[in-house]
Amino acid sequence: KPVASKTEITYPSSQTHILMAQLGIERGHPDYAALYVGNQILGGGGFGSRLMEEVREKRGLTYGIYSGFTPMQAAGPFLINVQTRAELSEATQTLVQKIVQTFVQDGPTEQELADAKQEIVGSFPLTAANNAAVVGQLGAIGFYDLPLTWLQDFTQEVQALTVEQVTEAMQRHLQPEQWVIVTAGPKVAQQPLPPAVERAS
């Protein structure tokens, strides 16, 4: 299992590319649905996710930040990917780790979970919307030795999840203090985190 580390690659650019990673889960893991939903809320769902809201919307540190589990036959990685201004790279790393630590500790809100369920179940039919998509899903079912009822099972699992189940799954599998962090960018003096700006609702 990888141990916590930080590698800085010097690269001449105005932006620093930051990758934060740890081992995640294998494809057939019983926590798959809970982690999928939890990650949608954390950083996999694009706009509206915790990471996008805090890092882009409130602080303007990046155009986009994304997180995701990539389950494989063996445990695949969990990754967070973000680019930011070079002089704010350390502050951005610290902020991201704090956001994830808070999410792992407290879990999602009931509203976040309800919104994520609605989005996932609403978009899931698109994964079988044409012949190529169907073949892709069947290929994954066969390759990962999943039950033939997996598509139906997954949507039912998602709908049944509670805040407690999502929180406990994230706590079992995410350890922000143990991440392997790799940055690529110039060596520049670092600046403090800019203040958060609350948007008018």
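Calculation rules
Residues numbered from 1 in each chain as written. Predicted model: local features only at pLDDT ≥ 70, side-chain atom pairs only at ≥ 80, totals over all residues. Heavy atoms only, no water. Axes fitted to C-alpha atoms, helices over the stretch in contact; angles between N-to-C directions. Helix = DSSP H or I, 4+ residues; strand = E, 2+ residues; numbered from the N terminus. Parallel < 35°, antiparallel > 145°, perpendicular 65-115°, else oblique. Contact = heavy atoms within 4.5 Å. Nonpolar A, V, L, I, M, F, W, Y, C, P; charged D, E, K, R; others polar. Pairing = 2+ DSSP bridges. Buried < 20%, exposed > 50% of the residue type's maximum accessible area, 1.4 Å probe, protein only. Core = buried A, V, L, I, M, F, W, Y, C linked by side-chain atoms within 4.5 Å. Expected span 1.5 Å × (residues − 1). Arc of directions from axis to C-beta.

Please explain the packing of helix α1 (residues 32-44) against helix α4 (residues 110-123) as it appears in this structure.
Any two packed helices are characterised by the angle at which their axes cross and by the distance between the axes. The interhelical angle for the contact between α1 and α4, taken along N-to-C directions, is 110°, at an axis separation of 10 Å. On the basis of the axis angle, α1 is roughly perpendicular to α4. Residues Y36, V37, Q40 and I41 of α1 touch α4, and the partners they reach there are E112, L113, A116, E119 and I120. Looking at the contact of α1 with α4 residue by residue, the class counts come to 6 nonpolar, 1 polar and 2 charged.

What's the story with the sheet that holds strand β1 (residues 5-10) in this structure? I'm lost.
Strands belonging to one sheet form pairs held by backbone hydrogen bonds; the direction of such a pair is parallel or antiparallel. Ordered by their spatial adjacency, 5 strands build an open sheet running β1-β5-β2-β4-β3, and the pairing between neighbours is mixed. Strands at the two margins of the open sheet, each flanked by one partner only, are β1 and β3 (65-69). Averaged over all pairs of adjacent strands, the angle between their axes in this sheet comes to 15°, without regard to strand direction. Pairing between β3 and strand β4 (residues 77-85): 5 bridges, direction antiparallel. Among the inter-strand pairings, F69 is bridged to a residue of β4, identified as F78. Packing of helix α2 (residues 50-57) onto the sheet brings it into contact with β3 and β4, and relative to β3 it is tilted by some 155°.

What's the story with unusual backbone geometry in this structure? I'm lost.
Glycine aside, a negative phi is what most residues show, and trans is what most peptide bonds show. The phi angle at D145 is positive, at roughly 55°, despite the residue not being glycine. A residue is classified by how much of its surface remains accessible, and D145, at 69% relative accessible area, is exposed.

Honestly, the nonpolar core in this entry has me stumped. Any pointers?
The biggest cluster of nonpolar side chains holds 42 residues, and the ones touching the most others in it are V37, I80, V96 and V100. When sequence neighbours within four positions are dropped, the list of residues in contact with V96 reads M20, L51, V55, I65, I80 and W179.

Even after reading the chapter, I still don't get helix α5 (residues 131-143), so can you show me in this structure?
Side chains of residues three or four places apart in an α-helix project in the same direction, reflecting 3.6 residues per turn. In a regular helix each residue adds 1.5 Å, so 13 residues correspond to 18 Å; α5 covers 18 Å between its end C-alpha atoms and thus fits that length. Every buried residue of α5 is listed here: A133, Q137, A140 and I141. Buried residues in α5, looked at end-on, bunch into an arc of 100°, giving them a common side. Away from its buried face by more than 90 degrees, α5 exposes N131, A132, V135, L138, G142 and F143. Residues of α5 that are buried make contact with α6 (150-160). D145 sits one or two residues past α5 and shows a positive phi near 55°.

Which parts of the structure should I look at to understand the packing of helix α3 (residues 89-106) against helix α7 (residues 163-173)?
At their nearest, the axes of α3 and α7 sit 7 Å apart, and the two run at 130° to each other. As far as their axial angle goes, α7 and α3 are oblique. Along the contact surface, α3 presents F103, V104, Q105 and D106, while α7 presents T167, M170 and Q171. In terms of residue class, the contact of α3 with α7 is built from 3 nonpolar, 3 polar and 1 charged.

These results come straight from atomic positions and should not be treated as a statement about function.
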